[in-house]
Amino acid sequence: MPTYIALLRGINVSGQKLIKMADLKQFLAELNFENIITYIQSGNIIFKSRLSDKHKLEKLISKKINEHYGFEVEVLIKTPNELEYVLLNNSFIKQKKDPKRNYITFLFSEPLNENVEKLSKIDHMPEEYIIVEKNVFFFSPNSYGNAKMNNNYFEKKLKVIATTRNWQTVNKLFELATIH
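Residues numbered from 1 in each chain as written. Predicted model: local features only at pLDDT ≥ 70, side-chain atom pairs only at ≥ 80, totals over all residues. Heavy atoms only, no water.

Participant: Hey, could you go over the overall build of the protein chain for me, with residue numbers and the actual values?
Facilitator: On a plain count of helices and strands, the protein chain comes out with seven helices and eight strands. Rg of the C-alpha trace for the protein chain: 16 Å, near the compact-globule value of 16 Å for 180 residues, within the 12% margin. Put simply, the protein chain has 180 residues, and 45% of those count as buried. If you take every contact in the protein chain between residues at least 6 apart in sequence, the share linking residues at least 24 apart comes to 70%. On the protein chain, roughly 9600 Å² of surface is accessible, and the fraction owed to carbon and sulfur atoms is 49%. (Helix = DSSP H or I, 4+ residues; strand = E, 2+ residues; numbered from the N terminus. Rg over C-alpha atoms; globule rule 2.2 N^0.38 Å. Buried < 20%, exposed > 50% of the residue type's maximum accessible area, 1.4 Å probe, protein only. Contact = heavy atoms within 4.5 Å. Areas by Shrake-Rupley, 256 points an atom, 1.4 Å probe, with all protein chains shown as cover.)

Participant: Requested: an account of the sheet that holds strand S2 (residues 34–39), with residues and values cited.
Facilitator: Taking strand neighbours across the sheet as the criterion, the four strands line up as S2-S3-S1-S4 in an open arrangement whose pairing is antiparallel. Each edge of the open sheet is held by one strand with a lone partner, namely S2 and strand S4 (75–78). In this sheet, neighbouring strand axes are inclined to one another by 20 degrees on average, regardless of whether the strands run parallel or antiparallel. Helix-sheet contacts for helix H3 (residues 80–88) involve strand S1 (3–8) and S4, and the interaxial angle to S4 is about 85 degrees. Of the strands in this sheet, S1, S2 and strand S3 (44–48) touch helix H7 (residues 167–179), which is tilted by about 165 degrees from S2. (Pairing = 2+ DSSP bridges. Axes fitted to C-alpha atoms, helices over the stretch in contact; angles between N-to-C directions.)

Participant: With reference to specific residues and values, describe the side chain of Ser49.
Facilitator: Among the structural elements, Ser49 can be located in the loop between S3 and helix H2 (54–69). For Ser49, a relative accessible area of 2% gives the class buried. Reaching out from Ser49, the side chain makes a polar contact with the backbone nitrogen of Leu51 at a distance of 3.0 Å. Ignoring any residue separated from it by four or fewer positions in sequence, one finds Ser49 in contact with Met1, Pro2, Tyr4, Phe33 and Leu57. (Polar contact = N/O pair within 3.5 Å; in protein donor to acceptor, adjacent residues only side chain to side chain.)

Structure follows, in structure tokens:
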């Protein structure tokens, strides 16, 4: 049975869209998911499912959350292979830039070239980013909380839904998914 990683966008942030992970595990078990593991409170779930359609899984999880909590949550499903790709292809890590200042913004769809081009003309140094398909590799030498190029910024400029995780979280999700 395949392993999946669900990334929930915008839960448990600033007192908004509060979801207890223990409750979420229980609700997802109702979807016949197995070996459900949550990691930290920001909406990271590793699970096994017989379903292989990632978009269907995203919709099932989103619908289940809406049924139980009464609000919409965007859900992005990744596979362990997709996380491994991100881990192996981060140019900032290869350049030995501080891993604690590295982030991945996962885009829910590939941005239009014209939006990527417009974004490329904006300079927010010392912040740096590289877009590869549906991933934005982001390096912020200062804290992410003070970054100009945060999740909302990339969503607005690229005109796609996104969710961001720090480098440590992506590594831990991959580790949990591969031993799962």
